[in-house]
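Now for the letters of each chain:
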Amino acid sequence: MKVMSESMVKKVNIQQWIEIRNSFDVNRSIGFVPTMGALHKGHLSLIKKSQEENQITLVSIFVNPTQFNDKNDLDKYPSNLDKDMLLLEETFSSDIYLLVPSYDVLYKDDYNFRLSENSFSKELCGKNRPGHFDGVLTVVMKLLNIAESKRAYFGEKDYQQLTLIREMVSVFFMKTKIVAVPTVREKDGLALSSRNALLTAKHKILAPQFYTELKLHSDPKDTKLRLENKGFEVDYIEDRNSRRYGAVKMNNVRLIDNINLREVVK
Ligand code: PAF
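Bear in mind the structure is a predicted one, so any value in this text is a computation, not a measurement.

Visitor: Whenever I open this one, the sheet that holds strand 4 (residues 96–99) confuses me. Can you help?
Guide: Strand pairing in a sheet relies on backbone hydrogen bonds. The paired strands run either parallel or antiparallel. Ordered by their spatial adjacency, six strands build an open sheet running 1-4-3-2-5-6, and the pairing between neighbours is parallel. Both edges of this open sheet fall to strand 1 (9–12) and strand 6 (177–181), since each of them pairs with a single strand only. With direction set aside, neighbouring strand axes in the sheet form an average angle of 25°. Across the sheet, helix 2 (residues 41–53) touches strand 2 (30–35), strand 3 (56–61), strand 4, strand 5 (151–155) and strand 6, and the angle it forms with strand 5 is around 155°.

What follows is the structure, given as structure tokens:
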């Protein structure tokens, strides 16, 4: 464990970040990693990439209530700011600005204004989670405007989210470059997710089969059946633009994943 002197993680609110950002030389590049906390190696890989490509890295932690259509899901979301800060301190040896916004400042309109997309956001994860992507796109637009970063980093695990954010940035002529970072997996193939912490020991053993099955079969209906036979509750398995997307539930814990069909050896 690293011996800590002065904290490398500088926690700021929105106003403080705006002041700090304004004090920087305009040529200094800022990389931004928005998260909802419960940080794991997947988030760390986004932060690492940002540090490699930028002079300053800003990470945000905000459990965004507007993207949870199910209040239970929001209530049980595993958040622990102190633990996250410690992990950042232990992992990184250069400064990280950590933006922790309050709902009241971020949503001063109490979500009266919102952004919506009318096609892809209604499919896959959007089908059974009404309003989910409106919440995601709205908060990401707010955060990108606050961060004013050159680049922003998103994981490929949430590929539908990544696609929608890319489109939003393009259609609204926003300046931030969206950088996609490959999914980080456990050795057994399970994609890292904050929700994995909610799995029971029994479901932890079953969970990697989700990725195994996703890669194995060319017919999504077949994959769905095989997963159901193994004990998963399958929300969807669907192909879009050479990518297979899936969402399953185990004991009310929802896991998502996707694979590039061009990379699957048939
Ligand atoms: O992927 C996430 O953690 C969230 O959807 C995001 C992008 C931080 C918006 O709340």
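Following the structure, the description resumes.
Visitor: When you look at the site of the ligand in this model, what are you seeing that I'm missing?
Guide: Close contacts around the ligand come from Pro 34, Thr 35, Met 36, Asn 64, Gln 67, Val 139, Val 140, Phe 154 and Gln 161, and that covers them all. Within the side chain of Gln 67, an N or O atom sits 2.7 Å from an oxygen atom of the ligand. At a separation of 2.7 Å, an oxygen atom of the ligand approaches a polar side-chain atom of Gln 161. Relative to its unbound accessible area of 290 Å², the ligand is 88% covered by the protein chains.

Visitor: Would you mind going over helix 6 (residues 132–147) with me for this structure?
Guide: The periodicity of an α-helix, 3.6 residues per turn, causes residues three or four positions apart to be oriented the same way. For helix 6, which comprises 16 residues, the first-to-last C-alpha distance of 22 Å matches the rise-based estimate of 22 Å (1.5 Å per residue) to within 8%. Across the 16 residues of helix 6, 15 count as buried, placing the element largely inside the fold. Where helix 6 ends, the next residue or the one after it, Glu 148, has phi of about 45°, a positive value.

Visitor: Is there a simple way to explain the nonpolar core in this structure?
Guide: One recurring pattern in soluble globular proteins is that nonpolar side chains are buried together. Ranked by internal contacts, the top residues of the largest apolar core, which has 42 residues, are Trp 17, Leu 144 and Met 168. Broken down by secondary-structure element, the contributors of at least two residues to this core are helix 1 (14–23), strand 2, strand 3, strand 4, helix 6, strand 5, helix 7 (159–171) and strand 8 (243–250). With near-sequence residues (within four places) excluded, Met 168 lies in contact with Leu 115, Leu 137, Val 140, Met 141, Leu 144 and Met 174. Residues Leu 190, Phe 210, Leu 214 and Val 248 belong to the second largest nonpolar core, which totals 17 residues.

Visitor: Just to check I follow, could you spell out the environment of Thr 183 for this structure?
Guide: Position of Thr 183 relative to the elements: it lies in the loop between strand 6 and helix 8 (201–206). Since its relative accessible area comes to 22%, Thr 183 is described here as partly exposed. With 76 residues separating them in the primary sequence, Thr 183 and Ile 259 have C-alpha atoms 9.7 Å apart. Ignoring any residue separated from it by four or fewer positions in sequence, one finds Thr 183 in contact with Glu 156, Lys 157 and Ala 191. A polar contact of 3.1 Å, which involves the side chain of Thr 183, links it to the backbone nitrogen of Lys 157.

Criteria and thresholds
- Residues numbered from 1 in each chain as written.
- Predicted model: local features only at pLDDT ≥ 70, side-chain atom pairs only at ≥ 80, totals over all residues.
- Heavy atoms only, no water.
- Pairing = 2+ DSSP bridges.
- Helix = DSSP H or I, 4+ residues; strand = E, 2+ residues; numbered from the N terminus.
- Axes fitted to C-alpha atoms, helices over the stretch in contact; angles between N-to-C directions.
- Contact = heavy atoms within 4.5 Å.
- Near = heavy atom within 4 Å.
- Polar contact = N/O pair within 3.5 Å; in protein donor to acceptor, adjacent residues only side chain to side chain.
- Areas by Shrake-Rupley, 256 points an atom, 1.4 Å probe, with all protein chains shown as cover.
- Expected span 1.5 Å × (residues − 1).
- Buried < 20%, exposed > 50% of the residue type's maximum accessible area, 1.4 Å probe, protein only.
- Core = buried A, V, L, I, M, F, W, Y, C linked by side-chain atoms within 4.5 Å.

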